Structure formats: C-alpha cells, structure tokens
Amino acid sequence: MGQPSIPEIMRAVVLSAYDGRPDSLRVEERPVPEPGPGEVLVRLAAAPINPADLMFMRGQYGLKKALPAVPGFEASGTVVAAGGIAGRLMVGRRVAFGTAQGDGTWSEYIRVPLGHCLPLRAHVSDEQGATLFVNPFTAWALMDMARQGKHRAVAQTAAASALGRMLLKLAVRERIPLVNVVRRKEQVELLEGLGAEHVVDSSEPDFEERLHELFHRLGVTLAFDAVSGPLTAQLLRAMPAGGCVTVYGSLSGQESSIHPSAFIFERKRVEGFWLADWFLQDRFGPKQIRALMGVPALFGREMETPVRTRLELSKAREAVTLAAGEMTSGKVLLVPG
Ligand SMILES: NC(=O)c1ccc[n+]([C@@H]2O[C@H](COP(=O)([O-])OP(=O)(O)OC[C@H]3O[C@@H](n4cnc5c(N)ncnc54)[C@H](OP(=O)(O)O)[C@@H]3O)[C@@H](O)[C@H]2O)c1
C-alpha cells in the first residue's frame, strides 16, 4: 500500500503564554514543514502529556521557547519524507522520537533530526512508542547511576508514576533492593501487586520512622526524588551518613529546606538529574550507548507505560486538564484527528 500524500496545511497545538492555563493553548492551522538536510518529516501517531509538558506550560521547565510555540517533547509516528539520503531509507518506518529544539510534537506533522528517531520494533504499539524516550531513558539512567555507584539499596518517591514503575522493574531485574515512597494507600496496593517488596506511604503518621528504619536496615545510600519540597529533606534525614538524594522532578512545586549539619557532619548530598543534560554531556559516551541498546530491548516487554486515554489534538485543553490530575491512572495521549 502506498503512503498517503502529504497535505500542505496541518493542525498544531500552540501555546501562547507561560501561565500554565489550558486556555493558553489553541489549535492552529500551519504549513506542513519541509525537512532540511539530516531531518525527517514524521506524521504523528501519538504524543503523551508528561509532567515536563505541564512544567513547560508554566514556564518552569529547563528551557523556554519563543512564543507562540508548539509544546511536546516526545511522540511516535511514521516517517513520510526526508531531507537527505539516510533519512529516505526511513520513509514508511514507524519511529519514536524526542525533540527539545524548535516546534514540539503536539502537531499532525513534525520535522525532526534523523538522529533523534528510533525505529519501533514490531511488538511496540504506536501508543507505547509515543512514550519510549523521556521516562524509559530516565529510569535506565537512574538505575545505571545506582549500579555504577555500587549502592547496596536505593529509594524512589512518586513510585507509582509511569517512570517509578519502570524503575521498579529495573530494580527487580538488577536485584537492587528498592524502597518505594508513595502518597496514598491505593498506590501501596498497586506497587505491591507489581512485586514491590518495600512500599512506604508518606501520608502515614509513622512515615519518617519507617523510612529511617528501612534505609538503615537495607543500606539505602541513594534516593531518586521526583516530588521535592519537604520530602527531599525527609529522605536525606532518613539516610545513613554519606547518603545522596538525586532530585529529578518537582511534582510538589515546593522548595526544600535542609539543615546544614546534614552536609557538614554527615557528608550527605543533594544533586539534580535532567535527561537532556545527561544525553548532551556525552552523546556517544558508554553510558548513553548502553541506554540506546538497553531501553529499546526492554521497552514494550519489561517496561511499558500505562495509558489512560487518547484525545484528538483539537481537545488539547481538555487533555491537559485531565493529565494534570489522577496521574497514577496513566498517560493522556494526544492523537491526530
Ligand atoms: N529530570 C528528568 O530528566 C525527568 C525525565 C522524566 C521524568 N521526570 C520526572 O519524573 C516524574 C514522574 O514522571 P511520570 O511521567 O512517570 O509521571 P506520571 O506517570 O504522570 O505520574 C506522576 C505520579 O506522581 C504522583 N504525584 C503527583 N504529585 C505528587 C505530589 N505532590 N506528591 C507525591 N506524589 C505526587 C502521582 O500520584 P497521584 O495519582 O496521586 O496524583 C503519580 O503517581 C515527574 O516529576 C517528571 O517530571 C524527570
């Protein structure tokens, strides 16, 4: 069967203000972009709404684009045109891709550097492929950090998130004990059902004592924190001397306050992690190559993303409102009309 022809005009979701309001999104008709040298044109299959997109809409993400801009950092689709010989070999292939520069992925057609595309294996659906980049690579990079640092045991917050569940799978695979911190009872049950051995609910009155007991008993010296705010300080307090909290998300939107004695007398540390930096540090470094081989091999099998619903691009405001609540129930995907 031949490829459908490429129209001249497409629909794209456009952000007009960094105020975090769904009303600041509108759907616009725009010319379909032409791929330049080293680029391909992808017809959208699905694009997720991730916490990073919500931060981006609030102007709190690590990069700001000149407005109006098309949001969206990852997606899946089919390559329909290419600006160079190498890209032409990809025409007709289903790919997952991530993009941080230029227009984002919430659009019927997206121009992407060929090097940002990964061909999708046959068993990976378009929906799953849409989420192959941001969370799986972050989960992999965090677990790599645990492995390389020879940590006896690790911990994570927001453990019922899509990423948290991937980290859980990786920890089981690597046989690294993992303490999972969640914020409500249903999430404890969910994670235990997925095979988690240690789950702690931060809404319980004895939360800090349990954390302290588990961290000391298991030897947790590294915690991955996606929540921030007071929880970062609680994690650090619960750790043995020399422990480190790696903050990689700010779901609470709150600041953390840590007593300096933790740094001075207990050699504790707080660090940050951002996938974009990690890839750019050394694009073809051994860690990154290991991830580029390892993630696609596991994705769609041991690693997968729960999907809650799909909505057309024209319903982007509704989709963003949905995605900002009840996050544990799965990703909201944007799909073309
Ligand atoms: N630094 C990086 O490079 C990088 C890369 C990828 C992801 N991330 C971060 O990883 C985190 C998880 O992403 P995801 O896509 O996996 O998330 P997700 O699937 O949308 O799930 C978010 C989870 O966080 C919980 N949550 C939300 N607000 C919370 C709060 N204030 N306190 C405690 N828990 C809260 C939600 O629980 P409820 O259902 O109760 O709301 C849900 O279980 C996000 O912070 C994201 O920004 C960072």
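Quick caveat, the model's predicted, so the values are computed rather than measured.

Enquirer: What is the right way to read the pairing of strand S5 (residues 94–98) from this model?
Expert: Looking down a regular strand, the side chains alternate between one sheet face and the other. Judged by how many residues are buried, S5 sits mostly within the fold: 5 of 5 residues are covered. Residue alternation in S5 divides its side chains into two sets, Arg94, Ala96 and Gly98 and Val95 and Phe97, and both sets are buried. As paired strands, strand S4 (residues 74–82) and S5 are joined by 5 bridges and run antiparallel to one another. Considered in S5, the bridge of Ala75 is made with Phe97. Sheet topology note: the S5/strand S7 (residues 117–119) ladder contains 3 bridges and is antiparallel. Paired with Ala96 across the bridge in S7 is Leu118.

Enquirer: Would you take a moment to explain helix H12 (residues 316–323) for this structure?
Expert: An α-helical turn contains 3.6 residues, so any two residues separated by three or four positions project in the same direction. Taken as a whole, H12 has its buried residues at Ala316, Ala319, Val320 and Ala323. An end-on view of H12 places all buried positions within 95° of arc, on one side of the element. If you follow the buried residues of H12, they end up packed against strand S1 (9–15), strand S2 (25–31), helix H1 (51–57), strand S14 (307–312) and strand S15 (331–335).

Enquirer: Honestly, the sheet that holds strand S12 (residues 244–247) in this entry has me stumped. Any pointers?
Expert: Note: strands within a sheet are paired through backbone hydrogen bonds, in either parallel or antiparallel orientation. Strand order in the open sheet formed by 6 strands is S10-S9-S8-S11-S12-S13, and the pairing between neighbours is parallel. Only two strands of the sheet have a single partner each, and these edge strands are strand S10 (198–201) and strand S13 (269–272). Pairwise comparison of adjacent strand axes, ignoring direction, gives a mean angle of 20° for this sheet. Bridge count for S12 against S13 is 4 bridges, and the pairing is parallel. Following the sheet pairing, Thr246 is matched in S13 by Glu271.

Enquirer: Hey, could you run me through the packing of helix H4 (residues 134–148) against helix H11 (residues 286–298) in this one?
Expert: Two packed helices can be described by the angle between their axes and the distance between those axes. Running from amino to carboxyl end, H4 crosses H11 at an angle of 125°, the nearest separation of the two axes being 10 Å. One finds that H4 runs oblique with respect to H11. For the pair H4 and H11, the sense of crossing is right-handed. Contact with H4, carried on its side by Pro136, Phe137, Trp140, Ala141 and Asp144, involves Lys287, Arg290, Ala291, Gly294 and Val295 of H11 and no other residues of that element. Its residues assigned to classes, the contact of H4 with H11 shows 6 nonpolar, 1 polar and 3 charged.

Enquirer: Is there a simple way to think about the site of the ligand in this case?
Expert: Close contacts around the ligand come from 25 residues, with Ser161, Leu163, Gly249, Leu275 and Thr328 the closest. Contributions of two or more residues to the shell around the ligand are made by H1, H4 and helix H5 (162–174). Along the lines of polarity and charge, the residues of the shell around the ligand split into 15 nonpolar, 7 polar and 3 charged. Both of domain 1 (9–131 + 305–335) and domain 2 (135–277) provide at least three residues apiece to the shell around the ligand.

Enquirer: Explain the domain arrangement of the chain to me, please; I cannot follow it from the model alone.
Expert: The accessible area lost on association of the parts is a frequent measure of interface size. Parsing the chain into structural domains produces domain 1 (9–131 + 305–335) and domain 2 (135–277). With centres defined by C-alpha atoms, the gap from domain 1 to domain 2 works out at 29 Å. Listed by partner, the interface residues are 9 residues for domain 1 and 9 residues for domain 2. The residue inventory of the side of domain 1 that touches domain 2, partitioned by class, reads 4 nonpolar, 4 polar and 1 charged.

Enquirer: Explain the environment of Val179 here, please?
Expert: Position of Val179 relative to the elements: it lies in strand S9 (residues 178–182). Look at Val179 and you get buried, because 26 C-beta atoms sit within 10 Å. The sequence separation of Val179 and Gln101 amounts to 78 residues, and the corresponding C-alpha distance is 36 Å. Each residue touching Val179, except ones within four places of it in the same chain, is listed here: Ala155, His198, Val200, Leu214, Phe215, Leu218 and Val220.

Calculation rules
Residues numbered from 1 in each chain as written. Predicted model: local features only at pLDDT ≥ 70, side-chain atom pairs only at ≥ 80, totals over all residues. Buried ≥ 20, exposed ≤ 12 C-beta atoms within 10 Å, placed from the backbone. Helix = DSSP H or I, 4+ residues; strand = E, 2+ residues; numbered from the N terminus. Pairing = 2+ DSSP bridges. Arc of directions from axis to C-beta. Contact = placed C-beta atoms within 7 Å. Axes fitted to C-alpha atoms, helices over the stretch in contact; angles between N-to-C directions. Parallel < 35°, antiparallel > 145°, perpendicular 65-115°, else oblique. Left-handed = near helix turned anticlockwise from the far one by under 90°. Nonpolar A, V, L, I, M, F, W, Y, C, P; charged D, E, K, R; others polar. Near = placed C-beta within 6 Å. Domains from an automatic or database assignment.

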